[in-house]
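# Report on the structure
Take a look at the letters that make up each chain.
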Amino acid sequence: MILAAKHPQNVDRMLIWGANAYIVKEELKIYESIRDVSKWSERMRAPLVALYGEEYFQNTWSRWVDTFVSLYRERQGDICKDCLPLIQCRTLIAHGMKDPMIAPEHLNYLLKHIKASRYYVFPEGKHNIHLKYVDDFNKLIEVFMFDNSEYKPNTANIHEEYSVV
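Because the structure is a prediction, the values reported are computed rather than measured.

## Considering the side chain of His106
- When you line up the elements, His106 lands in helix α5 (residues 105-113).
- Leave out the neighbours within four places in its chain, and His106 touches Ala19, Asn20, Ala21, Tyr22 and Glu27.

Here's what the structure looks like:
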């Protein structure tokens, strides 16, 4: 989102999911609760440990949590709220309605502040919609990226759900 805002000439389309422009207190509690990756389920932890190694993954993840804690304390949770109105590209926001990592309010906030945004909701989706719904997620991306029909930006807080027909 920051790249699209700061370099609009370089970004034609953007798909975002599991994203937020600010952090709320409840999310901080969630982040702290998952700081120790050894407490994660084997299904979620194993592929990342295999890819990065246990020590590197734990240290990197812990620094990620530290960064979000710092953003919350030093910037009142603001990650990139001021960037959103500067985004000019077509934007599709995919969202899992049961995402435990992202407060439900973020979808509406992003839709309201990113002019050319639409959304697609995975009703049973959680945070890793790209992993659980691989075929649907990839089809969503394909349709969005190659759709050259007239794209109507949202106006007056009317948001159109994107179709994967």
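## A closer look at the pattern of salt bridges
- Taken as a whole, this structure holds seven salt bridges when the rule is applied.
- We note a salt bridge from Arg13 to Asp12, for which the minimum N-O separation is 3.1 Å.
- You can call Arg13 buried: its relative accessible area is 15%.
- Between Arg35 and Asp66 there is a salt bridge, and its shortest N-O distance comes to 2.8 Å. Highlighted residues: Arg35 in the loop between α2 (25-33) and α3 (42-52) and Asp66 in helix α4 (residues 54-74), separated in sequence by 31 residues.
- Judged by relative accessible area, Arg35 falls into the buried class, the value being 19%.
- The network of salt bridges with shared partners includes Glu32, Arg35 and Asp66.

Parameters and conventions
Residue indices begin from 1 for each chain and proceed along its sequence in written order. Only residues with pLDDT of 70 or above have their local features reported here, since the model is predicted, and side-chain atom pairs are shown and tallied only from 80 upward, although totals for entire chains, interfaces and linings are computed over all residues. As a rule here, side-chain values come from all non-hydrogen atoms in the structure, and water together with hydrogens is ignored. A helix here means a DSSP run of H or I that spans at least four residues, while a strand means a run of E at least two residues long, and both kinds are numbered starting from the N terminus. Whether two residues touch is decided by their heavy atoms; if any such pair falls within 4.5 Å, the residues are in contact. By definition, a salt bridge exists where a carboxyl oxygen of Asp or Glu is found within 4 Å of a side-chain nitrogen of Lys or Arg. Think of it in three bands: with a 1.4 Å probe and only protein chains considered, a residue is buried below 20% of the maximum accessible area for its type, exposed above 50%, and partly exposed in between.

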